[in-house]
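# Coordinate analysis (summary)
Chain by chain, the residues run as shown.
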Amino acid sequence: MELHHVDASSLRHWTSSLLAPASCSTKVLSEKKRVRRKRGSGLVGSPGKGSEAGKGSEEAAMVLRKGTKKELSRILWTEASIKAIESKAGSKKYTNLWPKAVIEALEEAITGYRWESALKIFGLLRKQHWYEPKCRTYTKLLMMLGKCRKPEQASMLFDILLSDGLQPTIDVLTALVNAYGLSGLFDQAFSIIDNMKSVYDCKPDVHTYSTLLNSCIKHRRFDLIDGIFAEMSYLGIECTTVTYNTIIDGYGKAGLYGQMENALSDMIDSGSCVPDIFTLNSFIWAYGNRGQIEKMEKSYEEFQLMGVTPDVRTFNILIRSYGNAGLCEKMESVLDFMKKRFFPPSVVTFNTMIEIYGRCGNIKKMDQLFLKMKHQGVRPNTITYCSLVNAYSKAGKLYKVDSIIQQIENSNVVLDTPFFNCIISAYGRIGDVDKMSELFLAMEEKNCKPDNITFATMIQAYNAQGMTEAALHTQSQMIAMQGNSIQSESRLIES
């Protein structure tokens, strides 16, 4: 499929039409979500009736179920509303639907990064008699397509914006820059910015350049950063704290510590930007993630001297860094420090420590921490259960996995594909292909789409058991799924 970009004629069209101030607002309306309650179903078959593992956990389980039912009902309502509106998109007779229903379904699809559904619903929206083109709608759609790495659809959407008679705003064009940049199409991104410079009220601002810098960071195009900063300086655009934090975080994750330190110095020397909690967290993550514990601790102390106060994420980074380095005592001391300073552990805190104890084979401490997590009212999620399943599987205690499944059924945790991949892999490793197949069918019941990891895990398990025919059938399913996905995308583009 040949990639479609905004052509020169389109760029000239909006460049020449933007001589007067744009009339459309660029502010994004706040999201409004309705929640209806629905009853969740069990993982496999009907909901389990077993109690939570361990004594004294019934009260905590009630708290967890109360919260998860609300979350589950919201997700179920969202799914239903999107599907209901999406089903009408292919028909020409639905031209006067209730505005609130269509707009809310579009908002939900955009928020959930369901780009195919969002474009179908947007197509339906444009057919309505009451439809009024707005730049903010296009901005949100373009941002979503950028994050979904769909530059072709983004450029087509921009053409539709022009056909609707709208004049692109700074936000629209910045979103288009983001769509190209996040897909690594920097020539197209820079071309959009160059055209923006010639427009009276649509010149690139610090947000535009910060967006471009973020894309450079994600694609490790550090060679472009100095040129972008030079261009910003020439245009008189000053960097913000967000701009510096973006660069510092990118350098840190790439292990470019010298550039990271230089960016911090430039930030301080600017006089208008001061390091904040995001700067601190980027620094300690950069050093801690690569096992440079001493530099991590030194940075932590230096930022405190600058007056930067740590938050829960800071402590989570410290806990993971100490845990990965095998310094479990220091990891536990951070948790004790959080308790003394009244920093409540988050689900990330517990998940991190559970994963580390499980990886080390310390099942006893892992179980104790999991029980403590529930007693403190912190709701386990699929990441928690994945860590538990992995640990039990590696320790040869797969009988405990059945207990985990029962707890999930009772808690109404919203499951996802990674969790099913984890539990399918656990049963596949011990050769229980019947249970593995049962869980594969349960994925469909839970609206979890299998991915390449799911199929590869099952194929490997079937081959290990000498079940060649089953392995070939699973491989055929994987190929068919990939083909259907490509055809669906092609139909959407053509429409």
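Residues numbered from 1 in each chain as written. Predicted model: local features only at pLDDT ≥ 70, side-chain atom pairs only at ≥ 80, totals over all residues. Heavy atoms only, no water.

### Focus on the confidence of the model for the protein
- Taken residue by residue, the protein gives an average pLDDT of 82. The fraction at 70 or more is 78%.
- A low-confidence stretch, residues 45-77 (pLDDT under 50), is modelled with 61 contacts involving residues beyond four sequence positions or located in other chains. (pLDDT = per-residue confidence, 0-100. Contact = heavy atoms within 4.5 Å.)

### Points about the side chain of T279
- By the element assignment, T279 lies in helix 13 (residues 277-288).
- Residue T279 is classed as buried on the basis of its relative accessible area, which comes to 0%.
- Among the polar contacts made by the side chain of T279, one reaches the side chain of N245 at a distance of 2.7 Å.
- Not counting residues within four places of it along the chain, the set of residues in contact with T279 comprises N245, I248, L264, M267 and F303. (Helix = DSSP H or I, 4+ residues; strand = E, 2+ residues; numbered from the N terminus. Buried < 20%, exposed > 50% of the residue type's maximum accessible area, 1.4 Å probe, protein only. Polar contact = N/O pair within 3.5 Å; in protein donor to acceptor, adjacent residues only side chain to side chain.)

### As for the packing of helix 15 (residues 312-324) against helix 17 (residues 347-360)
- Running from N to C, helix 15 and helix 17 point in directions that differ by 5 degrees, and their axes come no closer than 9 Å. Taken together, helix 15 and helix 17 sit at an angle that is classed as roughly parallel. Across the interface between the two elements, V312, N316, I319, R320, G323 and N324 of helix 15 pack against V348, T349, T352, M353, E355, I356 and R359 of helix 17.
- Considered class by class, the residues forming the contact of helix 15 with helix 17 number five nonpolar, five polar and three charged. (Axes fitted to C-alpha atoms, helices over the stretch in contact; angles between N-to-C directions. Parallel < 35°, antiparallel > 145°, perpendicular 65-115°, else oblique. Nonpolar A, V, L, I, M, F, W, Y, C, P; charged D, E, K, R; others polar.)

### Topic: the packing of aromatic side chains
- Under the criterion given, the structure shown has 10 aromatic pairs.
- Considering the side-chain rings of F315 and F337, the 5.6 Å spacing of their centres and the 55 degrees angle between planes classify their relative orientation as tilted. Note that F315 is positioned in helix 15 and F337 in helix 16 (residues 328-340), a separation of 22 residues in sequence.
- Judged by relative accessible area, which is 2%, F315 ranks as buried.
- The exposure class assigned to F337 is partly exposed, which follows from its relative accessible area of 29%.
- Between F419 and F420, the ring centres sit 6.0 Å apart and the planes meet at 75 degrees, which makes this aromatic pair edge-to-face. (Phe/Tyr/Trp six-rings, centres within 6.5 Å; stacked < 30°, edge-to-face > 60°.)

### Structural notes on the pattern of salt bridges
- Applying the stated criterion across every chain, the model contains 11 salt bridges.
- A salt bridge links K140 to E107; its shortest N-O distance comes to 2.4 Å. Taken together, the positions of K140 in helix 5 (residues 135-147) and E107 in helix 3 (residues 99-111) put the pair 33 residues apart, joining distant regions of the chain.
- Exposure remark for E107: the relative accessible area of 19% places this residue in the buried category. (Salt bridge = Lys/Arg side-chain N within 4 Å of Asp/Glu carboxyl O.)

### Considerations on the environment of D171
- Along the polypeptide, D171 turns up in helix 7 (residues 170-182).
- Under the relative-accessibility criterion, D171 is labelled partly exposed at 24%.

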